[in-house]
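# Descriptive structure summary
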Amino acid sequence: MSITVKRGYSPNDQKEFGSKSIDKLLKAGRDLQYLLNQGYNIKGASTFVGNHYLLSERQRLALVRAVSSEESVKMRKNKEIQSILPGSVVNIDGFNTIITLEVALY
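What follows deals with the overall build of the chain. Tallying secondary structure elements over the chain gives 6 helices and 0 strands in all. The N-to-C order of helical and strand elements in the chain reads α-α-α-α-α-α. Its C-alpha atoms give the chain a radius of gyration of 18 Å, clearly above 13 Å, the size a compact globule of 106 residues would have. Considered along the principal axes of its C-alpha atoms, the chain spans approximately 50 × 50 × 20 Å. For the chain, long-range pairs separated by at least 24 residues make up 63% of all intrachain contacts whose partners lie at least 6 apart in sequence. By element, 56% of the accessible surface of the chain is carried by carbon and sulfur atoms, the whole surface being about 8900 Å².

Here we come to the environment of Asp31. Within the element layout of this structure, Asp31 appears in helix H2 (residues 19–37). Taking the relative accessible area as the measure of exposure, Asp31 reaches 31% and is therefore partly exposed. Remark: the alpha-carbon pair of Asp31 and Phe17, spanning 14 residues in sequence, is separated by 18 Å.

Of all residues in the chain, 91% attain a pLDDT of 70 or more, and the chain-wide mean is 89. Mean pLDDT across the elements of the chain bottoms out in helix H6 (residues 94–105) (81) and peaks in helix H3 (residues 42–53) (97).

What follows is about a nonpolar patch on the surface. Taken together, the side chains of Ile81, Ile84, Val90 and Ile92 make up a nonpolar region of the molecular surface, amounting to roughly 420 Å² of accessible area. Note that Ile84 resides in the loop between helix H5 (70–78) and H6.

Among the nonpolar cores identified, the biggest contains 11 residues, and these are Leu25, Ala28, Leu32, Leu35, Leu36, Ala45, Val49, Tyr53, Leu55, Leu63 and Val67. Those elements that provide at least two residues to this core are H2 and H3. Other than its neighbours up to four places away in sequence, Tyr53 contacts Lys24, Lys27, Ala28 and Asp31.

Definitions and limits used
- Every chain is numbered independently, its residues counted from 1 as its sequence is written.
- In keeping with the model being predicted, local features are shown solely for residues with a pLDDT of at least 70 and side-chain atom pairs are shown and tallied solely at 80 or more, while totals for entire chains, interfaces and linings include all residues.
- Water and hydrogen atoms play no part in the side-chain values, which are based on all heavy atoms of the structure.
- Secondary structure elements follow DSSP: runs of H or I no shorter than four residues count as helices, runs of E no shorter than two count as strands, and numbering proceeds from the N terminus.
- Here the globule rule reads 2.2 Å times residues to the power 0.38, and the radius of gyration is calculated from C-alpha atoms.
- Note on contacts: a residue pair is in contact if any heavy atoms of the two residues lie within 4.5 Å.
- Only the protein chains shown count as cover for residues, and the accessible areas themselves come from Shrake-Rupley with a 1.4 Å probe.
- Throughout this description, buried means an accessible area under 20% of the type-specific maximum (1.4 Å probe, protein chains only), exposed means over 50%, and partly exposed covers the range between.
- Think of pLDDT as the predictor's per-residue confidence, scored from 0 to 100.
- The residues that make up patches have over 30% relative accessible area and no salt bridge, and they are joined within 9 Å when like-charged or within 5 Å when they are Val, Leu, Ile, Met, Phe, Trp or Tyr.
- Take a side-chain nitrogen of Lys or Arg and a carboxyl oxygen of Asp or Glu: if they are within 4 Å of each other, that pair is a salt bridge.
- We define a nonpolar core as any set of buried Ala, Val, Leu, Ile, Met, Phe, Trp, Tyr and Cys residues linked to one another through side-chain atoms lying within 4.5 Å.

Here's what the structure looks like:
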């Protein structure tokens, strides 16, 4: 007997993140990023945008996790490894990699 587990899956995901909702989420994401770039905090800005677009709690959470200010993105990019010296060791958190792949594949 095989059981398929969809980590983090909710029955409303097809509706809330399906093709009909994507345009609304993209617009909300642009608005949220604009507010973050103006210096608003994520909690207040996401509440404002979520109310404006009538987003569900899962949609709001997805936006909060997916959208950052341009300054935050630049700071993260500056921390990226640009090159690896021969003989260097890079450690990767395998557990989080597995979870990410598992979610992406379902």
